[in-house]
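# Structural overview
Here are the chains, one letter per residue:
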Amino acid sequence: MKRKHLPISFRTVATTAALAAGGPATAHEWHRHDGETGTPAPAPVFEIPAGAGTAPADSAAVAERAEAFSAFHPDVRFRWDDDWFYVESDGMPDHGMMTGIASWQQQVGVPQYYYGDNAWQIPLRPQLSDSPISAADNLFRGAIALAVNGVPIFNALNNRGDDALLAGELDQWGGHAGRADDYHYHIAPLHLQEVVGVDQPIAYALDGYPIYGLTEPDGSEAVGLDEYNGHFDSDGDYHYHSTLTYPYINGGLRGVVALEGGQVEPQPGTREFRPALAPLNGATITGFESPADDSYSITYTLDGGTHRMSWSVDRAAGTVTYEFVAPDGGSTSQTYTGWQPSPELASPDLSATEGGSGDLGFTAVGEPGIGYPFSYSADLQTWHRFGFLRLGATGSATFDLTPVGDRGFLKMGGAGTSTTGGGGTTAAASITQGLADTVVANLFPAGQRVSAVGAIAATDGTAWTVPAETGFATATRAPDLYNPINGVTPANIGAVDLDSLPVVQIDADGEVVTGYLFADNYFELYVNGVLVGVDPIPFTPFNSCVVRFRAKAPITYAVKLVDWEENLGVGTEDNRGNPHHPGDGGFVASFSDGTVTGSHWKAQVYYIAPVDDPSNVVVLADGTRDSSAAPTATGAATSFGVHWEVPADWSTAGFDDSGWPDATTYTNATVGVDNKPSYTNFEDQFAGASFIWSSNLVLDNEVIVRFTSE
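Below you will find a few notes about this structure. Nothing here was measured: the structure is a model prediction, and the numbers come from that model. (Residues numbered from 1 in each chain as written. Predicted model: local features only at pLDDT ≥ 70, side-chain atom pairs only at ≥ 80, totals over all residues. Heavy atoms only, no water.)

## Things to note about the overall build of the protein chain
Where we set the bar: Numbering of helices and strands runs from the N terminus; a helix is a DSSP stretch of H or I covering at least four residues, while a strand is a stretch of E covering at least two. Throughout this description, buried means an accessible area under 20% of the type-specific maximum (1.4 Å probe, protein chains only), exposed means over 50%, and partly exposed covers the range between. Here, two residues are considered to be in contact whenever any of their heavy atoms come within 4.5 Å of each other. Here, Shrake-Rupley sampling with a 1.4 Å probe gives the accessible areas, and only protein chains in the shown set may cover a residue.
For the protein chain, the count of helices and strands is 4 helices and 49 strands. Within the protein chain, the proportion of its 710 residues that are buried is 56%. Across the protein chain, contacts joining residues at least 24 apart in sequence account for 68% of those joining residues at least 6 apart. If you sum the accessible surface of the protein chain, you get close to 27400 Å²; carbon and sulfur atoms cover 48% of it.

## Looking at the sheet that holds strand 32 (residues 463–466)
In any sheet, the strands associate via hydrogen bonds between backbone groups, in a parallel or an antiparallel arrangement. Short version of the rule: Pairs of strands are assigned from DSSP output, requiring at least two bridges between the strands. Note on definitions: angles span 0 to 180 degrees between N-to-C directions of axes, and those axes are lines fitted to C-alpha atoms, for helices only across the stretch in contact.
Ordered in space as 30-31-32, the 3 strands form an open sheet in which the pairing is antiparallel. Each of the sheet's edge strands pairs with one partner strand only, and the pair in question is strand 30 (437–440) and strand 32. In this sheet, neighbouring strand axes are inclined to one another by 35° on average, regardless of whether the strands run parallel or antiparallel. Relative to strand 32, strand 31 (residues 453–457) runs antiparallel, the two being bridged by 4 bridges. Along strand 32, the bridge assignment pairs alanine 457 with alanine 463.

## What about the packing of aromatic side chains?
Basically, it comes down to this: Pairing of aromatic rings covers Phe, Tyr and Trp, the last through its six-membered ring, and needs centres within 6.5 Å; plane angles under 30 degrees mean stacked, over 60 mean edge-to-face, and all others mean tilted. Here, a charge over a ring means that NZ of Lys or CZ of Arg falls within 6 Å of the ring centre while also lying within 35 degrees of the ring normal.
One pass over the structure, following the stated rule, counts 32 aromatic pairs. Geometrically, the ring pair formed by tyrosine 246 and tyrosine 248 is edge-to-face, given 6.3 Å between the ring centres and 90° between the ring planes. For tyrosine 246, a relative accessible area of 36% corresponds to the partly exposed category. Taking the relative accessible area as the measure of exposure, tyrosine 248 reaches 5% and is therefore buried. Taking the centre distance of 5.3 Å and the plane angle of 25° together, the rings of tyrosine 679 and phenylalanine 686 count as stacked. Ring-pair connections join several aromatic residues into one group, and the members of that group are Phe69, Phe78, Phe85, Tyr204 and Phe388. If you follow arginine 477 out to its NZ or CZ, it ends over the ring of phenylalanine 472, 3.9 Å from the centre. Against the face of tyrosine 606 rests arginine 625, its NZ or CZ located 5.0 Å from the ring centre.

## A look at the sheet that holds strand 46 (residues 640–643)
The antiparallel open sheet is built from 7 strands, whose spatial order is 29-46-43-49-39-36-37. Of all the strands in the sheet, just strand 29 (430–433) and strand 37 (530–534) have a single pairing partner and so form its edges. Neighbour-to-neighbour, the strand axes of the sheet open up by a mean angle of 15°, direction not taken into account. Summarising the sheet, strand 39 (residues 555–562) and strand 49 (residues 700–709) pair through 8 bridges and their orientation is antiparallel. Across the sheet, the residue bridging to valine 559 is valine 705, located in strand 49.

## Considering unusual backbone geometry
The linkage connecting histidine 73 with the following residue, proline 74, adopts the cis geometry, with an omega of 10°. Position of proline 74 among the secondary structure elements: in the loop between helix 1 (59–70) and strand 2 (77–80). With omega at 5°, the peptide bond leading from valine 466 into proline 467 counts as cis. Position of proline 467 among the secondary structure elements: in the loop between strand 32 and strand 33 (480–482). Here the phi dihedral of aspartate 303 falls at roughly 55°; this positive angle occurs in a residue that is not glycine. Mapping aspartate 303 onto the fold places it in the loop between strand 18 (295–302) and strand 19 (305–314).

Below is the structure:
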């Protein structure tokens, strides 16, 4: 699945602006105006230099459309020229699919290729038509609108002229899949309003006019809608609205469009790669799962039995595999060729250097020709959009900004930059505040501390799992070295039967390596991208593990570390008379190939809490996410958490950790292991290894450490 969004309505956009294509700093054209309410926009953290240029043609139209789609950037990308605003996506929503469909033709959602010359096109200067087109008797082919999450919207009537919702063809999100296994909506995707807010469109019709939710952007009632579900605002501008009854979405196209065969053109084409199957009369889809990236599954009932259909895509091979599992367990599967995966995209990056005359020079790097949103913040909590930059053919652009005050933060799209008066840079953080909702009451009831898992929404609309996403519930657990829960309490290594331990096969022609690990509190160990084992106890009591695996050099060790929390979302526990004690972490390991933990390892933090003021978390020039300025003596239920997304390939041997800071080492006394037999009974095995963590042992709660042994 894609980036997750919780159903919240947070949205703060003070100003919008558009920038021209990339080039030298003096060639950049900025546009900034007052907020939509007419009141002056808040003073920016960065000022646009007076000599940077003037607004390009149609900058307001570009900014309006870019702002609407920015909530789903970079999953949804955009670019523009003099006439069109182009939107690229794979057409897959970041919510579930198919659940609730009671009239199903055995089609499901598969990623589509809406990129490059096959992107969606929205006019920048829509024109009202003298001959509007009604969806009641036309537009039965193709899309008539595009939702801001990159999913197309079709006529509310299916190709037979029936209301698709009343016919039972739509899922609980208002969509289903077409003949090319292309997911699309047939009614207004009102759930998107919970992400973007009532002041933003949830879609754009293909004639260029925006589609809002049930109310006006100011929250007032939408009245006086015409037969196309649209009307004019007080400024004389036309827009559409959503309704709960037919036509649900725009009931046609009030603007000028070109039709070919009853379909709006231009619009992307889809590619059918498997033959049509017969409708399953009587089937009702009851559940949807996406257990891994590019892998999906639904359950459905038919003739009193429960069936399952699974499908997955292979991006390297360009294939899609489908499997049908009957109630008795029997299954059939088929792999189809001809599917086109989305292109490999350049990762956006923003770096800052101190320029002349008090300016900061910025270099933005990303996908050539693609537009990126830029926002500023004074506190890492409230972000204000101030511009959109379209990168040139090189995929790089530079510009100068003048900082206002001693500290400010600049964000580029979903992978922005924070800077402190010319200091270091990093991907921008997401900020949460207060306690999370409990999702799992206790992963490990046998423990001394409750190992709960929670979910919490950030101010930017993203959802975070706290204290971390782990594989504890399903992954193979590492063998015990010392574990009082399981009654494994040897006095020394002589009481451990190493020969009885399983050997994880990584390289058939490698050597067997034995490793000893102690984590406060939890670890997940990968070797050359293969999971060797996870900690058998997520919180307490304190335990240690011994692993064996067969691998050949070079060996890359990658370990996810979690300091668990009792107060989910604020990084604290009830300890030492303090109900919000911040706690601490620590990890030590030694392997028989000579690898030991130390400052030669790399370490990066992805969750910091509790934080009283998120602006105290800064980024140093060496990439350290530094929380040393944040107080550590107290915590509270209203404290903040600072989060970064963990890279999907963090555990692989090929992952580039060269930009990460070195691990920080800590003494045994600092970590507090002198009274823990799971460590002290095996000090000879841990000899030469140091306890490591990121730069803050107390506040940094989710940390990844890596090292490659040659």
